Amino acid sequence: MNASNGTLRPPVEPRQVLTARTAVAVVFGLNGLALASWFARLPAARDALGLTPGRLGLLLLAASSGALLALPTAGILAHRMGAARAVGAATALAASGLVLAGVATGSWHTVPLVAVGLFALGYGSGTCEVAMNVEAAAVERRLGRTVMPRFHAAWSLGTVAGAAVGAGTARLGVPIGLHLGLAAAVMLAGTLSAVRSFLPDPPTPPAGPTTARTPGAGLLAAWREPRTLLIGLLLLVMAFTEGTANDWLALAFVDGHGVSETVGALAFGVFVAAMTLGRTAGTIALDRWGRVPVLLCATAVAAIGATAAVLADPWPLAMAGVLLWGLGTSLGFPMGMSAAADEEHRAAARVSVVAAIGYTAFLAGPPLVGLLGDRVGSLRALLVVPLVLLPALLLVPATRPPVAAPGPEPTDGRQDPADVREGPADVRAGSTVPAYDAGNVPDR
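Residues numbered from 1 in each chain as written. Predicted model: local features only at pLDDT ≥ 70, side-chain atom pairs only at ≥ 80, totals over all residues. Heavy atoms only, no water.

Draft legend 1. Expanded view of the overall build of the protein chain. For the protein chain, the helix and strand inventory stands at 18 helices and zero strands. Carbon and sulfur atoms provide 68% of the accessible area of the protein chain, an area that totals close to 16600 Å². (Helix = DSSP H or I, 4+ residues; strand = E, 2+ residues; numbered from the N terminus. Areas by Shrake-Rupley, 256 points an atom, 1.4 Å probe, with all protein chains shown as cover.)

Dropping the structure here:
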């Protein structure tokens, strides 16, 4: 979707928007399914490769490095290719990486090849992350109400399914290569089918002063915007909070609470189920009270839950802490993405920037927690999560929508009454996204 170039978007029928909403949700869900399939089998991968927590953290760095390298240019790729083609190509790369990681772990026991597979998985997922969030923001804007967390809820629902299948395959002793190969095939086939229903790309605009601007120039400008950078820092903390649970929760429960691999996978499943619940129900609170109050409360809950997950005993009480951890973390990342995309004509560049900053957590997080785990144990190392969440409360106000500046009326003169009536609280309270179709606002 060429959201960053300010070109006029073709008229979209309401039914087409609803179809695109479903398609975006499917893409999010399948992406979560594939990634969770790897995370749920992490204990088995650790044992098959004979890795210590520190070495495992370094291996996970391969996926984070791939994602981090992809993100700075993912917005340009989405601009040039369109969201549908960018998501399709990125998913094909991610699926290939997942297959390689599974075979290299389960059959070849070769750490370097696992690292190559994880790098490809991370690069494809990082590119897909930006493209599908830009598309999701466009759909949200045309619906006129907060739905971004529900797209991320679909991702979490996919991780719930991935965790459940992972627990079942671990219990049944299914080879990790077979399991991850099937997950990759499902992700690729479903995504290629879903992207056909994405919103249409805007036509190529005629040459002129506005359209002559290059995508790279817009990306560099976004890196100089204070609000964009603050949102990126908030996403950095939220990605670290979520990613730490994804990477280490199952293993930490096995090593620290002395439970079986099945219960460890269940802990991961509880976390992603709580994330799904929070992202599904949280839209009601967001539309009523706005981003800032809801995110402040949610961040505090996440800090309390992460602390309880580590310190509570016996393990069922710690599982209750995991539930709070997931609920509190659920809204931070999607609302950061939504805040970055408040102005559609700059969405691709800004989403690229905040995603690049946020994904730094996936680069630094695994080795940091792994090295701490070597010293204090993988479970106690998770106490770093509440330590970074509390200062993040100061970053939450950056998600408040900027005050709308006077601008031209939409070129077609149309205004959708539903957008005014049903717009989220933040949009009604002064978002830069007008009540009419923001895709029709020319670049200024």
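Okay, back to it.
Draft legend 2. Inspection of the environment of Leu383 at higher detail. Looking at the element boundaries, Leu383 is found in the loop between α15 (360-376) and α16 (384-392). Considered as a pair, Leu383 and Leu311 are 72 residues apart in the sequence and their alpha carbons are 8.9 Å apart.

Draft legend 3. Representation of the nonpolar core within the structure. Of all hydrophobic cores here, the largest spans 125 residues; its most connected members are Trp38, Leu118, Leu249, Trp325 and Leu382. For this core, the element with the most residues is helix α9 (residues 226-256), which contributes 14 residues. Those residues in contact with Leu382 that sit more than four places away from it in its chain are Thr244, Trp248, Leu249, Ala252, Val310, Trp325 and Val369. With six residues, the next largest nonpolar core counts Ile76, Leu219, Ala222 and Val353 among its residues. (Core = buried A, V, L, I, M, F, W, Y, C linked by side-chain atoms within 4.5 Å. Buried < 20%, exposed > 50% of the residue type's maximum accessible area, 1.4 Å probe, protein only. Contact = heavy atoms within 4.5 Å.)

Draft legend 4. A look at the environment of Thr283. Note on placement: Thr283 falls in helix α10 (residues 261-289). The class for Thr283 is buried, based on a relative accessible area of 2%. Residues Thr283 and Met148, spaced 135 residues apart in sequence, show a C-alpha to C-alpha distance of 8.2 Å. Apart from the residues lying within four places of it in its own chain, the contact partners of Thr283 are Thr146, Pro149 and Arg150.

Draft legend 5. Layout of helix α12 (residues 315-329). The terminal C-alpha atoms of α12 lie 21 Å apart, and with 15 residues this matches the ideal 21 Å at 1.5 Å per residue to within 8%. Listing the buried residues of α12 in full gives Ala318, Met319, Gly321, Val322, Trp325, Gly326, Gly328 and Thr329. In this fold, the buried residues of α12 make contact with α9, α10, α11 (291-311), α13 (332-340) and α16. (Expected span 1.5 Å × (residues − 1).)

Draft legend 6. Representation of the packing of aromatic side chains. Applying the stated criterion to the full structure yields four aromatic pairs. When the centroid spacing of 6.0 Å and the interplanar angle of 25° are considered together, the rings of Phe28 and Phe151 count as stacked. Here Phe151 lies in helix α6 (residues 148-172) and Phe28 lies in helix α1 (residues 14-40), a separation of 123 residues in the sequence. With relative accessibility at 1%, the residue Phe28 sits in the buried group. (Phe/Tyr/Trp six-rings, centres within 6.5 Å; stacked < 30°, edge-to-face > 60°.)

Draft legend 7. Highlighting the side chain of Ser330. Of note, Ser330 is situated in the loop between α12 and α13. Residue class for Ser330 comes out buried when judged on its relative accessible area of 1%. Separated by 2.7 Å, the side chain of Ser330 and the backbone oxygen of Leu327 make a polar contact. For Ser330, the residues in contact, after removing those within four places along its chain, are Met275, Gly278 and Arg279. (Polar contact = N/O pair within 3.5 Å; in protein donor to acceptor, adjacent residues only side chain to side chain.)

Draft legend 8. Geometry of the pattern of salt bridges. For the structure on display, the rule yields six salt bridges. A salt bridge links Arg46 to Asp255; its shortest N-O distance comes to 3.6 Å. Taken together, the residues span a long stretch of sequence, with Arg46 in helix α2 (residues 42-49) and Asp255 in helix α9 at a distance of 209 residues. What makes Arg46 buried here is its relative accessible area of 14%. Linking Glu225 and Arg350 is a salt bridge whose minimum nitrogen-to-oxygen distance equals 2.8 Å. Highlighted residues: Glu225 in the loop between α8 (215-222) and α9 and Arg350 in helix α14 (residues 347-358), separated in sequence by 125 residues. Residue classification places Arg350 among the buried positions, given a relative accessible area of 10%. Ionic contacts of the salt-bridge type, sharing partners, join the residues Arg46, Asp47 and Asp255 into one network. (Salt bridge = Lys/Arg side-chain N within 4 Å of Asp/Glu carboxyl O.)

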